[in-house]
Amino acid sequence: MKLTKEEIQFIDTYLKNSDIMFTDVRTEMVDHVATAVLEKMEEENHTFYDAFKAYMVVHKKDLLKYNKQFKKTTDKIVLKSLFKKFTAPLNICIMVASSFLLIQFFPLGDKKFLKFVLFGFLIIAILVYFFIGLKQRGQRLSGIERTGLILTLSFQLYNAFQNPFFNEKSVIINDYYFTLVFVLLLGLSTAFIAVILDLHKKYTNHYTIV
Amino acid sequence: MGNSKLYKGSLNTIILKLLEEKGKMYGYEITQKVKELTKGELKITEGALYPALHKLEAEGLLDVEVAKVDNRLRKYYKLTEAGEKETVNRLAELEEFIRSMQNLVNPKWSIE
């Protein structure tokens, strides 16, 4: 005995309507619910809808708890990966080398055009995020989406406190301060891009059916 | 379940041990196996099992494989090389803990 495509779709739609929006979470939940419902149908001779209703009455709260817990776990995993990528030896080398190059070749006062570069780093990371999002063809994958959220928050924080277009004095006026912001944004953006690409690779591997 | 708090700290070790024995398992299968082995004493909820699985996966102890089963995708978990080593360590820790608890709860008095 197995569930029909329509019955599987029914479970998926029900979970989607219960605010379980990430495809990776829902895929696992659909299988969990479908297996439990099928077992109930076989053991207790229930119809699909009766078995589904009986299962949901008891377990819906747990499924929603899992969904909530999953977001927290994903956030922790993403933040940990970002820290790991930010402090990776190669990233540190890039940051140190770029700070030396910046101080060496762009003396104080010549940097006004570079204020665009500061934005550029974060914008490149955001573009990579959107490009990967397009490749997912509408599927919402938890890790990538939560990384996108943290990236957007970082961009907004930068806008609020360090945007050189609104707050020119703070970033441009001091050579070392500018270098520090430049290097941190460069390091952060490369860390974001590396995490997004890693997650994309992970999801592609996971959902390659064996 | 008797007292879920007593089992909570050992959930990851239980998962690792089952995967060591069975090779690869999916979420529902783990909950049923635990229920069967403990004669219904321990029922792992979805809210506890899946976050634990994802945490172990993020730590690099578990690997994931997806297969199509009866019109749906099924996610199987299996131990990585690091996971196999960690299972041995965690089981040793758990055995040591059980021994210590037994000594505490049921001390054997002797005159030396």
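So, here is what we can say about the structure in this document.

Rules and cut-offs
- Residues numbered from 1 in each chain as written.
- Chains lettered and ligands numbered in written order.
- Predicted model: local features only at pLDDT ≥ 70, side-chain atom pairs only at ≥ 80, totals over all residues.
- Heavy atoms only, no water.
- Contact = heavy atoms within 4.5 Å.
- Buried area = accessible area lost by both parts, 1.4 Å probe.
- Salt bridge = Lys/Arg side-chain N within 4 Å of Asp/Glu carboxyl O.
- Polar contact = N/O pair within 3.5 Å; in protein donor to acceptor, adjacent residues only side chain to side chain.
- Nonpolar A, V, L, I, M, F, W, Y, C, P; charged D, E, K, R; others polar.
- Patch = residues over 30% accessible without salt bridge, like charges linked within 9 Å, V, L, I, M, F, W, Y side chains within 5 Å.
- Areas by Shrake-Rupley, 256 points an atom, 1.4 Å probe, with all protein chains shown as cover.
- Helix = DSSP H or I, 4+ residues; strand = E, 2+ residues; numbered from the N terminus.
- Buried < 20%, exposed > 50% of the residue type's maximum accessible area, 1.4 Å probe, protein only.
- Pairing = 2+ DSSP bridges.
- Axes fitted to C-alpha atoms, helices over the stretch in contact; angles between N-to-C directions.
- Phe/Tyr/Trp six-rings, centres within 6.5 Å; stacked < 30°, edge-to-face > 60°.
- Expected span 1.5 Å × (residues − 1).
- Parallel < 35°, antiparallel > 145°, perpendicular 65-115°, else oblique.
- Left-handed = near helix turned anticlockwise from the far one by under 90°.

The figure often quoted for interface size is the accessible area lost as the parts come together. Listed by partner, the interface residues are 26 residues for chain B and 29 residues for chain A. Carbon and sulfur atoms make up 60% of the surface buried where chain B meets chain A, a total of about 2,600 Å² over both sides. Per-residue buried area on chain B facing chain A is highest for Tyr-28, Glu-46 and Arg-72 of chain B; these three make up 26% of the total on that side. Where chain B packs against chain A, one counts four salt bridges. Taking the shortest distance from any N to any O, the salt bridge between Lys-75 of chain B and Glu-28 of chain A comes out at 3.9 Å. There are eleven residue pairs in polar contact (both at pLDDT 80 or more) connecting chain B and chain A. In terms of residue class, the side of chain B that touches chain A is made up of ten nonpolar, seven polar and nine charged.

On to a nonpolar patch on the surface, then. Residue and element names in this part refer to chain B. On the surface, Phe-97, Ile-98, Met-101, Leu-104 and Val-105 cluster together to form a nonpolar patch covering roughly 520 Å² of accessible area. Relative to the elements of secondary structure, Val-105 occurs in helix α5 (residues 81-105). In this structure Val-105 comes out as exposed when scored by relative accessible area, which is 66%.

Residue and element names in this part refer to chain B. Spatially, the three strands line up as an open sheet ordered β1-β3-β2, and their pairing is antiparallel. One side of each edge strand has no neighbouring strand; the edge strands of this open sheet are β1 (24-26) and β2 (62-69). Shown here is a sheet whose adjacent strand axes are inclined to one another by a mean of 35°, direction ignored. Bridge count between β1 and strand β3 (residues 72-79): three bridges; the pairing is antiparallel. When the sheet's bridge partners are listed, Tyr-26 is paired in β3 with Tyr-76. Contacts from helix α2 (residues 11-22) reach β1, β2 and β3 within the one sheet, and its direction differs from that of β1 by about 125°.

Each aromatic ring pair is described using two quantities: the centre-to-centre distance and the angle formed by the ring planes. All names here are of chain A. Overall, the coordinates contain eleven aromatic pairs over all chains when judged by the stated rule. Between Phe-48 and Phe-52, the ring centres sit 6.0 Å apart and the planes meet at 20°, which makes this aromatic pair stacked. Separated by four residues within a single helix, Phe-48 and Phe-52 lie in helix α3 (residues 48-86), roughly one turn from each other. Here Phe-48 falls in the buried class, since its relative accessible area comes to 4%. Residue class for Phe-52 comes out buried when judged on its relative accessible area of 5%. Here the aromatic rings of Tyr-66 and Phe-70 are separated by 5.9 Å at their centres, their planes lie at 85°, and the arrangement is edge-to-face. Here Tyr-66 and its partner Phe-70 are both found in helix α3, four residues apart, which amounts to about one turn of the helix.

Attention shifts here to α5 of chain B. Residues and elements named next belong to chain B. In this model, α5 (25 residues) spans 36 Å end to end at C-alpha, consistent with the 36 Å of a helix rising 1.5 Å per residue. Three or more residues of α5 are buried, namely Gly-83, Thr-87, Arg-90 and Leu-91. Packing partners of the buried residues in α5 comprise α2, α4 (46-58) and β3.

Attention now goes to the packing of helix α1 (residues 5-17) of chain A against α3 of chain A. Residue and element names in this part refer to chain A. Relative orientation of the contacting elements α1 and α3 amounts to 30°, with a least axis distance of 13 Å. Classified by the angle their axes make, α1 and α3 are roughly parallel. Both α1 and α3 take part in a crossing whose hand is right-handed. Between α1 and α3, the contacting residues are Glu-7, Phe-10, Ile-11, Tyr-14 and Leu-15 on the first element and Phe-48, Tyr-49, Phe-52, Met-56, Lys-60 and Leu-63 on the second.

Coordinates in, geometry out; function isn't part of it.
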